[in-house]
Amino acid sequence: MVSRHILQGARLVWLPLDAATIPNYWKSLKSEMSLVCLADFQAHARELLSRSSWDFIEGEADEGITNKDNVAAFKKIRLRPRCLRDVSKVDTRTTIQGMEISAPICISPTAFHCIAWPDGEMSTARAAQKADICYVTSTYASCTLEDIVAAAPRGFRWFQLYVQSDWELNKQLVQRVEALGFKALVITADAPVVGKRRRDIKNQLNLKANLMLKDLRSPEERNSARYVQTSSINPSFSWNDLSLVQSITRLPIILKGILTKEDAELAMKHNVQGIFVSNHGGRQLDEVPASIDALAEVVAAVRGKIEVYLDGGVRTGNDVLKALALGAKCVFLGRPILWGLACEGEHGVEKILDILKTEFHTTMTLAGCRSVSEISQDLIQFSRL
């Protein structure tokens with residue numbers, strides 16, 4: 001008989017283990033003890049996934065300079081906590097586009113979740129619903145919109161649209177997401193073509209040829225099992241075409257991929273309802289600013305008239321507070337969600353969100369913030385290093 005010591009309260013207890021339970025016990029113990037931050041999930045996911053799947057998830061454009069900067073730029077910002085404030089009650093709730101969420105931490109659109117976990121986006125949607133936050137579903141989801149909504153019928157969801165060359169297809173997609181209860185349309189603006197992702201080229205990876213893009217099929221094709229020849233992303237889509245999208249939807253329109261004040265001002269001029277400050281996780285044009293470095297410029301340009309969100313490089317609760325201090329209404333997670341999926345499916349995504357929400361709550365408490373509305377630029381300074 002083998003035994004183990006565990007702590008129960010302040011007491012050290014000795015419990016027996018039989019041979020049959022030892023492997024599962026150690027596996028469970030390793031998981032519980034080692035996965036305590038987002039970086040732990042990243043390392044574990046890398047162990048579990050095939051090389052091509054890992055390279056697709058982690059892949060960056062060209063030399064990966066922007067991808068690395070997204071994370072590193074947060075570390076150049078220092079916190080200026082306030083002391084002796086009554087933080088016995090700290091509230092992380094906020095709103096985006098008028099809808100309340102449990103914390104300003106939501107899920108960015110990323111493609112092909114089934115490469116990380118069999119249930120793919122259905123697991124992601126269930127975790128988001130349980131966490132009471134927003135999940136932005138990608139055009140290139142590997143599950144149908146109907147299945148995703150059925151998996152999490154009470155979930156708060158937006159839809160990310162890659163504008164296709166086929167305008168009838170765009171119209172059909174928008175009509176479907178409206179009917180299914182999606183609350184906003186997130187248009188990706190920084191991908192007229194796909195950036196050069198060296199890892200995918202080396203791996204000869206062509207997910208579009210190997211995964212059925214169920215949301216880019218006609219109603220007749222969705223009832224068949226054959227693969228679809230997808231419409232291509234429209235490289236001619238421009239500011240003047242936004243009115244075409246606005247004419248076919250009543251949903252709020254949010255532009256994703258804005259990095260400059262000039263484009264932020266144009267977004268305002270064209271009556272969009274929100275901006276994602278994003279460089280596509282460093283997967284499109286390399287050597288552009290880190291998202292957090294571009295944030296202040298965009299926030300200043302919109303002058304509080306529309307909401308500004310951020311994705312790219314968020315890995316800790318401190319990062320969340322820094323983004324909010326610089327004017328973001330909410331941050332969105334990309335790769336970390338896929339790490340959670342790869343590790344433990346729905347429960348892995350739940351843990352990712354719970355870890356970050358708990359860290360953010362702790363950061364708020366130690367910084368002297370009792371509510372999200374108390375987070376301001378006075379709480380940060382830029383490191384001189």
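Below: a short report on this structure.

Turning next to the packing of aromatic side chains. Aromatic rings considered in pairs are described by the distance between their centres and by the relative angle of their planes. If you walk through the whole model with that rule in mind, you get eleven aromatic pairs. On the basis of an interplanar angle of 55 degrees and a centroid distance of 5.9 Å, the ring pair of Phe56 and Phe112 is categorised as tilted. Taken together, the positions of Phe56 in helix 3 (residues 51-58) and Phe112 in the loop between strand 6 (105-107) and helix 5 (121-131) put the pair 56 residues apart, joining distant regions of the chain. Each member of the pair, Phe56 together with Phe112, is buried. Grouping aromatic residues by their ring pairs yields a cluster made of Phe156, Trp158, Phe276, Tyr309 and Phe332. Over the aromatic face of Phe182 sits the side chain of Arg157, whose NZ or CZ is 5.5 Å from the ring centroid. The residue whose ring lies beneath Lys256 is Phe276, and the NZ or CZ to ring-centre distance is 5.8 Å.

Our focus in this paragraph is the layout of surface pockets. When its volume is computed, the largest pocket comes out at roughly 850 Å³. Taken together, 45 residues line the largest pocket, and the ones lying closest to its centre are Phe56, Tyr162, Arg197, His280 and Arg283. Across the lining of the largest pocket, the residue classes break down as 20 nonpolar, 16 polar and nine charged. Its volume calculated, the second largest pocket comes out at about 480 Å³. Lining the second largest pocket are 27 residues, with Thr188, Ala189, Asp190, Ala191 and Pro192 sitting closest to its centre. The element that contributes the greatest number of residues to the lining of the second largest pocket is strand 10 (residues 253-258), accounting for three residues.

Attention shifts here to the packing of helix 14 (residues 317-325) against helix 15 (residues 335-367). Between helix 14 and helix 15, the least distance of the axes is 7 Å, while the angle of their chain directions is 65 degrees. In this structure, helix 14 meets helix 15 at a crossing whose hand is right-handed. Residues Gly317, Asn318, Val320, Leu321 and Leu324 of helix 14 touch helix 15, and the partners they reach there are Leu356, Glu359, Phe360, Thr363, Met364 and Ala367.

About the criteria used
Residues numbered from 1 in each chain as written. Predicted model: local features only at pLDDT ≥ 70, side-chain atom pairs only at ≥ 80, totals over all residues. Heavy atoms only, no water. Phe/Tyr/Trp six-rings, centres within 6.5 Å; stacked < 30°, edge-to-face > 60°. Helix = DSSP H or I, 4+ residues; strand = E, 2+ residues; numbered from the N terminus. Buried < 20%, exposed > 50% of the residue type's maximum accessible area, 1.4 Å probe, protein only. Lys NZ or Arg CZ within 6 Å of the ring centre and 35° of its normal. 1 Å grid on protein atoms, 1.4 Å probe; cavity = no way out; pocket = protein on both sides within 12 Å on 5 of 7 lines; lining within 4 Å. Points joined across faces, edges and corners; volume = space filled by probe spheres on them. Nonpolar A, V, L, I, M, F, W, Y, C, P; charged D, E, K, R; others polar. Axes fitted to C-alpha atoms, helices over the stretch in contact; angles between N-to-C directions. Left-handed = near helix turned anticlockwise from the far one by under 90°. Contact = heavy atoms within 4.5 Å.

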